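Observations on the three-dimensional arrangement
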Amino acid sequence: MRRQQYQLLPVFAAAFVLNLSSRGAAADANAAQDLAKTSGCFKCHGIDKKKDGPALRDAAAKFKDQADAEDKLIFHVTSGEKVKFPDGHEEEHKKVKTKDPSETKNLVRWILSLEGGKTY
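How each quantity is defined
Residues numbered from 1 in each chain as written. Predicted model: local features only at pLDDT ≥ 70, side-chain atom pairs only at ≥ 80, totals over all residues. Heavy atoms only, no water. Core = buried A, V, L, I, M, F, W, Y, C linked by side-chain atoms within 4.5 Å. Buried < 20%, exposed > 50% of the residue type's maximum accessible area, 1.4 Å probe, protein only. Helix = DSSP H or I, 4+ residues; strand = E, 2+ residues; numbered from the N terminus. Expected span 1.5 Å × (residues − 1). Contact = heavy atoms within 4.5 Å. Axes fitted to C-alpha atoms, helices over the stretch in contact; angles between N-to-C directions. Parallel < 35°, antiparallel > 145°, perpendicular 65-115°, else oblique. Nonpolar A, V, L, I, M, F, W, Y, C, P; charged D, E, K, R; others polar.

**Comments concerning the nonpolar core**
- One finds Leu56, Leu107 and Trp110 to be the most contacted residues of the largest nonpolar core, which totals 19 residues.
- Among the secondary structure elements, those contributing two or more residues to this core are α2 (29-39), α3 (41-44), α4 (56-63), α5 (69-79) and α6 (101-113).
- Counting residues per element, this core draws most heavily on α6, at five residues.

Written as structure tokens, this is what we have:
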């Protein structure tokens, strides 16, 4: 019985590592922040501080336990969906300024990585 448990250990370890790598750390945090600046994200969102929009850390915390967090955030930053502001008015959310899906994914992964309290 004990031997079977040890044989499964590498399988569990690999699954754990894959789970961490599939959600979280951005491949290139500097590129993500540059894209956020170029796209005007920091006009409405701070990393730690709420502006007109929520702090990026707060957004990451909101999606923390959602399996489809990455897909939801990619949709949010690329679709131009309506967002409501504190004063009650609505506007279309600005779209990220790239046509490269890997750059968008990198940005979203960086945002999700902020939930852990780390700034990259």
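**Regarding α6**
- For α6, which comprises 13 residues, the first-to-last C-alpha distance of 18 Å matches the rise-based estimate of 18 Å (1.5 Å per residue) to within 8%.
- Of all the positions in α6, only Thr104, Asn106, Leu107, Val108, Trp110, Ile111, Leu112 and Ser113 are classed as buried.
- Where α6 is buried, its residues touch α2, α3, α4 and α5.

**A closer look at the packing of α4 against α6**
- The interhelical angle for the contact between α4 and α6, taken along N-to-C directions, is 90 degrees, at an axis separation of 7 Å. In terms of axis orientation, α4 runs roughly perpendicular to α6. Where α4 approaches α6, its residues Leu56, Ala60 and Phe63 are matched on the opposing element by Trp110, Ile111 and Leu112.
- Across the contact of α4 with α6, the residue classes break down as six nonpolar, no polar and no charged.

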